[in-house]
Amino acid sequence: MGNIIENEIHHIVSEILDDYNAGRNIDKMDLFNQPSKEEIIDIVDDLLKIVYPGYYRDRSYKVYNIKSNSTVTIEDVAYHLNKQIVLALKYTSQSDDPGALEEQAQRYTVTFLSRIPHVRELLETDLEAAFQGDPAAKYRDEIILSYPGMLAITVNRLAHELFLLNVPLIPRIMTEYAHSITGIDIHPGATIGKYFFIDHGTGVVVGETTVIGDRVKIYQGVTLGALSTRGGQKLRNVRRHPTIEDDVTIYSGASILGGETVVGRNSVIGSNVFITSSIPADTKVSMKDQDLRWGQDE
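Residues numbered from 1 in each chain as written. Predicted model: local features only at pLDDT ≥ 70, side-chain atom pairs only at ≥ 80, totals over all residues. Heavy atoms only, no water.

### Focus on the environment of K288
Argument step 1. Examined against the element boundaries, K288 turns out to sit in the segment after β14 (284–285).
Argument step 2. Residue classification places K288 among the exposed positions, given a relative accessible area of 71%.
Argument step 3. Taking the C-alpha atoms as reference points, K288 and H200, 88 residues apart in sequence, are found 25 Å from one another. (Helix = DSSP H or I, 4+ residues; strand = E, 2+ residues; numbered from the N terminus. Buried < 20%, exposed > 50% of the residue type's maximum accessible area, 1.4 Å probe, protein only.)

### What about the pattern of salt bridges?
Argument step 1. On inspection of all chains with the given rule, the structure shows 14 salt bridges.
Argument step 2. Here D126 and R157 are joined by a salt bridge, their closest N and O atoms 2.7 Å apart. Taken together, the residues span a long stretch of sequence, with D126 in helix α5 (residues 116–133) and R157 in helix α7 (residues 148–164) at a distance of 31 residues.
Argument step 3. Put simply, D246 and R265 hold a salt bridge, and the shortest N to O gap is 3.6 Å. One end of the pair, D246, is in the loop between β8 (243–244) and β9 (249–250); the other, R265, is in the loop between β11 (262–263) and β12 (268–269), with 19 residues separating them in the sequence.
Argument step 4. Residue R265 is classed as partly exposed on the basis of its relative accessible area, which comes to 36%. (Salt bridge = Lys/Arg side-chain N within 4 Å of Asp/Glu carboxyl O.)

### Points about the environment of T109
Argument step 1. Position of T109 relative to the elements: it lies in helix α4 (residues 98–114).
Argument step 2. Residues T109 and F32, 77 residues apart in the sequence, show an inter-C-alpha distance of 20 Å.
Argument step 3. In this structure T109 touches A78, L81, N82 and I85, once residues within four positions along its chain are discounted. (Contact = heavy atoms within 4.5 Å.)

### Considering the sheet that holds strand β7 (residues 223–225)
Argument step 1. With parallel pairing, the five strands of this open sheet are ordered in space as β1-β4-β7-β10-β13. Across the chains shown, the open sheet's two edge strands, defined by having one partner strand only, are β1 (185–186) and β13 (274–275).
Argument step 2. Judged from the two bridges that link them, β1 and strand β4 (residues 205–206) form a sheet pairing that is parallel. The residue bridging D185 from the neighbouring strand is V205, located in β4. (Pairing = 2+ DSSP bridges.)

### Notes on the packing of α7 against helix α8 (residues 170–182)
Argument step 1. Packing of α7 against α8 brings their axes to within 8 Å, and their N-to-C directions diverge by 175°. It follows from the interaxial angle that α7 and α8 lie roughly antiparallel. Contacts between α7 and α8 involve P148, L151, A152, V155, N156, L158, A159, L162 and F163 from the former and I170, P171, M174, T175, A178, I181 and T182 from the latter.
Argument step 2. For the contact of α7 with α8, the per-class residue count stands at 13 nonpolar, three polar and no charged. (Axes fitted to C-alpha atoms, helices over the stretch in contact; angles between N-to-C directions. Parallel < 35°, antiparallel > 145°, perpendicular 65-115°, else oblique. Nonpolar A, V, L, I, M, F, W, Y, C, P; charged D, E, K, R; others polar.)

Here it is in C-alpha cells:
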C-alpha cells in the first residue's frame, strides 16, 4: 500500500495544483485579503466574556479580577475586530486607499463596541423571558450557561449590530458559528424585539428580513422563512420573511412564510401548521381533525 501512494502522490498533487488554475470561484488562493473565520470565532468567544463577565472567564488568569481582565479583553476585541473589518470592507468599498479603509473600520469598531451596553440591556430581557417562561429553569445562571437559545440570541444580537453598520461577511460568520453549536439558525439581519425566548431551539430558522416584536416565544423546529426563493439574487433586499407582532407564541414545527405574512399580536400558532397568509390579532391557529389512531397489532 505504501509503495502505491509513493508512486502516485506526486502526480496527484500536480493534478490538484493545476486544477486551482481553472478560474472558478472555489479556486481563490488569496488567504490574506479576506476575513479569518477562526479569528472571528475567537472574537465571538471574547465578546461572550464581555457581555457576561461573571460567566465566561479566561482560565489563563490565576487571580481573576473581572474589571481589569475585561479591560484587556475589550482592547483585544477592538484590535482584532478592526483588523477583520478592514479585510471585510474590501468586498464592498469603492476605495482602494488603505488609509480610508482603516479609518472606516475604526469607526465601525468603535460604534459597535459602544452598542454593547444596549445589547446587554436587551439580553437581560431575554434572560428574564427564558426564566419566567420555562418552569424547568431553576436558576438564571443555568440559562446563561447551558441554554442554546440564549447563546444563539446573544450572538445574533451582537452580529445584528454589525449588520446594521453594513459590515460584510463577519455578521454571518458569527451567526453561523452559533448555528453550528446550537442548531438554531438566526440571520443577523432579523429584527428582534425585547423579551425573546426560544425554548429547546433545535431546528429553529429565522430569515434575514423577519421582524419579531416584544415578548415572543417560539419552540423547536419553527421556521420563519421565505415563501419562495426561486428568484435567487433578484430577491436581494426584497422583504421575504414574516412579521411576528408582540406577545405571540409559536409552537414546535410551525412554518410561517412570506414577506407579506403578519401574525397579529397575542396570537398562538399551534404545532406543525403551515401559514402563508396573515393571521389577525388574538387568534389561535391549530390543525383540525388530525387522524390519530392507536390499538393493538392483530
